[in-house]
Amino acid sequence: MTKFRKLNRPTGHRMSMLRTMVSQLVKHERIETTVAKAKEVRRLADNMVQLGKEGTLCAARRAAAFVRGDDVIHKLFTELAYRYKDRAGGYTRLLRTRIRVGDAAPMAYIEFIDRENELRQSKPPTPQPPQRAPLDPWTRSRLTRQFAPPKEERSSDSDN
């Protein structure tokens with residue numbers, strides 16, 4: 001079972017709030033909320049983008065069961081899926097902004113990366129390292145002996 005933040009709310013209220021926040025994040029591509037809520041929304045929004053990239057009927061039904069609005073589902077499966085087709089994860093960014101005046105809660109912006117008018121430029125996706133051919137056990141053993149430190153010989157001076 002996965003761990004999640006309860007956010008001091010009953011289950012129905014919490015899930016309704018998170019569904020609405022993910023839908024608004026997809027629609028507006030940036031929202032301001034508390035840091036704890038933003039961290040939970042980030043997990044769910046990344047999952048929704050993954051479903052959009054999948055592009056199957058099953059993925060569309062799973063996304064439609066969570067987000068609210070046909071325009072949001074359409075944006076997930078067209079615009080966002082195309083934008084992040086080469087990225088393997090990390091579609092959102094969390095930027096801490098201020099302390100809220102009323103209750104001193106830390107606030108943060110959560111936004112999608114690689115878009116216009118973003119608050120901070122995103123780093124390019126890291127390229128995958130080239131795959132090396134696996135070594136046979138004899139060559140690997142010889143290489144480890146070559147680069148390993150020499151063994152220290154233990155002297156038996158226990159009887160003196």
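Refer to the structure above for everything that follows.
Conventions used here
- Residues numbered from 1 in each chain as written.
- Predicted model: local features only at pLDDT ≥ 70, side-chain atom pairs only at ≥ 80, totals over all residues.
- Heavy atoms only, no water.
- Helix = DSSP H or I, 4+ residues; strand = E, 2+ residues; numbered from the N terminus.
- Buried < 20%, exposed > 50% of the residue type's maximum accessible area, 1.4 Å probe, protein only.
- Pairing = 2+ DSSP bridges.
- Axes fitted to C-alpha atoms, helices over the stretch in contact; angles between N-to-C directions.
- Salt bridge = Lys/Arg side-chain N within 4 Å of Asp/Glu carboxyl O.
- Expected span 1.5 Å × (residues − 1).
- Bend = angle between axes of the 7 residues up to and from the residue.

**A look at unusual backbone geometry**
Thinking step 1. In the Ramachandran plot, leucine 7 falls in the positive-phi region, its phi being about 55 degrees despite a non-glycine side chain.
Thinking step 2. Mapped onto the elements of the fold, leucine 7 is located in the segment before helix 1 (11-28).
Thinking step 3. Owing to a relative accessible area of 15%, leucine 7 belongs among the buried residues under this scheme.
Thinking step 4. The phi dihedral of asparagine 8 falls on the positive side, at around 55 degrees, and the residue is not glycine.
Thinking step 5. You can see asparagine 8 is positioned in the segment before helix 1.

**A short note on the sheet that holds strand 1 (residues 30-34)**
Thinking step 1. Within the open sheet, the three strands sit side by side as 1-3-2. Their pairing is antiparallel. One side of each edge strand has no neighbouring strand; the edge strands of this open sheet are strand 1 and strand 2 (92-99). The mean inter-strand angle of the sheet, taken between neighbouring strand axes irrespective of direction, is 25 degrees.
Thinking step 2. Relative to strand 3 (residues 106-112), strand 2 is paired through six bridges, and the arrangement is antiparallel.

**Brief notes about the pattern of salt bridges**
Thinking step 1. The final tally for this structure, using the stated rule, is 10 salt bridges.
Thinking step 2. Between arginine 100 and aspartate 103 there is a salt bridge, with the nearest N and O atoms lying 3.0 Å from each other.
Thinking step 3. The exposure class assigned to aspartate 103 is partly exposed, which follows from its relative accessible area of 48%.
Thinking step 4. One salt-bridge network, held together by shared partners, links Glu29, Lys75, Glu79 and Arg83.

**A few points about helix 4 (residues 70-83)**
Residue pairs three or four apart in sequence face the same way in an α-helix, which turns once every 3.6 residues.
Thinking step 1. Over its 14 residues, helix 4 extends 19 Å from the first C-alpha to the last, a length consistent with the 20 Å expected when each residue adds 1.5 Å.
Thinking step 2. Largest kink in helix 4: about 35 degrees, centred on leucine 76.
Thinking step 3. The set of residues buried in helix 4 consists of Val72, Ile73, Lys75, Leu76, Leu80 and Ala81.

Shape descriptors only; they carry no functional weight alone.
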